[in-house]
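Examining the three-dimensional arrangement
The primary structure of each chain is shown beneath.
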Amino acid sequence: MKHAIIYHNPRCSKSRQTRALLEENGFEIEEVQYLDTPPTVETLDTLCDLLGVAPTEIVRTGEAEFKALGLSLKDNAANRQAWLEILHQHPKLIQRPIVRIGDKAVIGRPPENVLSLF
């Protein structure tokens, strides 16, 4: 059976829709509810590499927590390790859902993005 890892927030409709697409396509799903179990810094680093993006590109800047922490993408864009630490400590700021299948990953926004992994 095909295996997928989804970094999932079950309260998010896009995340639920992405999970449903995986199920419909016969994947065994390893669900990581990242708000309860934040990905490690190392896992986030790997996911960013697989996505082909810098950590700042998976930050949800519209979250109240982003503003409350006084963060700015411009000020810290060059410091990869600092952003990985921030995302680990504040998982609500991580874009969702992220799906990993083998050595590929996508952000499921829109959910159909996951189809590119099949």
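Residues numbered from 1 in each chain as written. Predicted model: local features only at pLDDT ≥ 70, side-chain atom pairs only at ≥ 80, totals over all residues. Heavy atoms only, no water.

Remarks on the overall build of the protein chain
Short version of the rule: Going along the chain from the N terminus, every DSSP run of H or I of four or more residues is numbered as a helix, and every run of E of two or more is numbered as a strand. C-alpha atoms define the radius of gyration in this analysis, and the globule rule sets the expected value at 2.2 Å times the number of residues to the power 0.38. Residues count as neighbours in contact if any of their non-hydrogen atoms are within 4.5 Å of one another.
Of regular secondary structure, the protein chain possesses five helices and four strands. Scanning the protein chain from its N terminus toward the C terminus, one meets helices and strands in the order β-α-β-α-α-α-α-β-β. For the protein chain, the C-alpha radius of gyration of 14 Å lies close to 13 Å, the compact-globule estimate for 118 residues. Taken along the three principal axes of its C-alpha coordinates, the protein chain extends 45 × 25 × 20 Å. Taking contacts inside the protein chain between residues at least 6 apart in sequence as the whole, the part at least 24 apart equals 66%.

A few points about the packing of aromatic side chains
Aromatic ring pairs are described here by two measures, namely the spacing of the ring centres and the angle between the planes. Convention followed: We call Phe, Tyr and Trp rings a pair once their centres come within 6.5 Å, taking the six-membered ring for Trp, and we label the pair stacked below 30 degrees between planes, edge-to-face above 60, and tilted otherwise. We count a charge as sitting over a ring when the NZ of a lysine or the CZ of an arginine lies within 6 Å of the ring centre and within 35 degrees of the ring normal.
For the coordinates displayed, the defined rule picks out one aromatic pair. Stacked on the ring of Phe27, the Lys or Arg Lys2 has its end atom at 4.7 Å from the ring centre.

Remarks on the packing of helix H2 (residues 41-51) against helix H5 (residues 80-89)
Filter applied, for reference: Axis geometry follows a simple rule: fit a line to the C-alpha atoms, using only the stretch in contact for helices, then measure angles between N-to-C directions, giving values from 0 to 180 degrees. Whether a crossing is left-handed or right-handed is set by the direction in which the near helix is turned from the far one by less than a right angle, anticlockwise for left-handed and clockwise for right-handed.
At a closest axis distance of 9 Å, the pairing of H2 and H5 adopts a crossing angle of 115 degrees. Handedness of the H2/H5 crossing: right-handed. Counting all contacts with H2, which are made through Val41, Leu44, Asp45, Cys48 and Asp49, the residues of H5 involved are Arg80, Gln81, Leu84, Glu85, Leu87 and His88.

As for the pairing of strand E2 (residues 27-33)
Counted only if it meets this: A pair of strands is labelled paired if DSSP reports no fewer than 2 bridges between them. Handedness is read with the strands pointing away from the viewer; a crossover is right-handed when the path from the first strand over the helix to the second is clockwise.
Across seven bridges, the pairing between strand E1 (residues 2-8) and E2 is parallel. Across the sheet, Ile5 pairs through a bridge with Glu30, a residue of E2. As a crossover connection, the stretch from E1 through helix H1 (residues 13-24) into E2 is right-handed.

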